[in-house]
Amino acid sequence: MPISLLHLNKTYDGKPVLTDFNLILKDRGITCLMGPSGCGKTTAAHILLGIVPPDSGEITGLDGHILSAVFQESRLLDWLDAIENIRLVTQKAVSVTEISDMLDRLGLSDSMRKSAVKLSGGMRRRVAIARALLYPSDFMVMDEPFKGLDDERKLQVMDIVAGYAAHRGILFITHDPIEAQYLGAEVVRMGEGI
């Protein structure tokens, strides 16, 4: 069953960020939100995730859906290593072997036991992506997930994400039309920001 964001409105400090925003998200495949900074892309994602409430409007179709997310910030615990950061979220649903295999696919085989504080920005992004991919969800929100990755690594990671889109829905936020095209995403363009 698709997830529908219907007539969402959100205002911050008297400035409208979302006005009568509507979006239908499919159970499989990638829907990409694009638009200028400040147009409400991240706000829409945060409302979907339940992080912030809308001022009005509703979300339907969430019943039974389990969501995972890659935020703009990696949101890792610096004192834990890559495996521990993922294990903290996935708990017993995902084995250490599965985590290690995913980190290896993402090019982190030599760094999976380093504390997160010792990882580069691009490495931290890949750990955050691995965490969201491995979490037993059927829908994923990815807010500018590939920032900080060099071009070769980005293509490798995008190929992995595209493979997961065959089995789950993904809301993908980016400023880069090439990323959206590469992933075969359905693009939704949002209006100008305030």
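See the structure shown above.
Here is what the cut-offs are and how they apply
- Residues numbered from 1 in each chain as written.
- Predicted model: local features only at pLDDT ≥ 70, side-chain atom pairs only at ≥ 80, totals over all residues.
- Heavy atoms only, no water.
- Salt bridge = Lys/Arg side-chain N within 4 Å of Asp/Glu carboxyl O.
- Helix = DSSP H or I, 4+ residues; strand = E, 2+ residues; numbered from the N terminus.
- Buried < 20%, exposed > 50% of the residue type's maximum accessible area, 1.4 Å probe, protein only.
- Core = buried A, V, L, I, M, F, W, Y, C linked by side-chain atoms within 4.5 Å.
- Contact = heavy atoms within 4.5 Å.
- Pairing = 2+ DSSP bridges.
- Right-handed = clockwise from strand over helix to strand, strands pointing away.
- Axes fitted to C-alpha atoms, helices over the stretch in contact; angles between N-to-C directions.

Caption draft 1: Region of the structure containing the pattern of salt bridges. Applying the stated rule across the entire model yields seven salt bridges. With its nearest N and O atoms 2.9 Å apart, the salt bridge here joins Glu186 to Lys26. Highlighted residues: Glu186 in strand β8 (residues 186–189) and Lys26 in the loop between β2 (15–25) and β3 (29–34), separated in sequence by 160 residues. Here Glu186 falls in the partly exposed class, since its relative accessible area comes to 38%. Accessibility expressed as a relative area gives 47% for Lys26, which makes it partly exposed. Several salt bridges converge on common partners, so that one network encompasses Lys154, Asp176 and Glu179.

Caption draft 2: Local environment of the nonpolar core. Counting residues in hydrophobic clusters, the biggest one holds 38 residues, and the most contacted among them are Leu103, Val127, Ile129, Met142, Phe146, Ile170 and Phe172. At the level of elements, β3, α2 (82–90), α3 (96–105), α4 (121–134), β6 (139–143), α5 (151–164) and β7 (169–173) are the ones that each hand at least two residues to this core. In terms of residue count, α4 provides more of this core than any other element does, seven residues in total. The contacts of Leu103, once residues within four sequence positions are left out, are Ala82, Ile83, Ile86, Leu108, Ser109, Met112, Val127 and Ala130. Among the nonpolar cores identified, the runner-up in size contains 22 residues, and Leu18, Leu25, Leu33 and Ala44 belong to it.

Caption draft 3: Up close: the pairing of β7. With five of its five residues buried, β7 lies for the most part within the structure. The side-chain alternation of β7 yields two buried faces, one formed by Gly169, Leu171 and Ile173 and the other by Ile170 and Phe172. Across five bridges, the pairing between β3 and β7 is parallel. Bridge pairing links Leu33 to Ile173 in β7. The pairing of β6 with β7 spans five bridges and is classified as parallel. By the bridge assignment, Met142 is partnered in β7 with Phe172. Chirality of the crossover, the property in question, places the unit of β6, α5 and β7 among those that are right-handed.

Caption draft 4: Representation of the sheet that holds β8. If you trace the five strands from one edge of the open sheet to the other, you get β5-β6-β7-β3-β8, paired in parallel fashion. For this open sheet the edge positions go to β5 (67–70) and β8, each flanked by a neighbour on one side alone. Adjacent strand axes in the sheet meet at a mean angle of 20° when their direction is disregarded.

Caption draft 5: Here's a closer look at the sheet that holds strand β1 (residues 3–12). The strand order β2-β1-β4 describes an open sheet built from three strands, whose pairing is antiparallel. Strands at the two margins of the open sheet, each flanked by one partner only, are β2 and β4 (56–60). The average undirected angle you get between the axes of adjacent strands in this sheet is 20°. As paired strands, β1 and β2 are joined by seven bridges and run antiparallel to one another. Across the sheet, the residue bridging to Leu8 is Phe21, located in β2.

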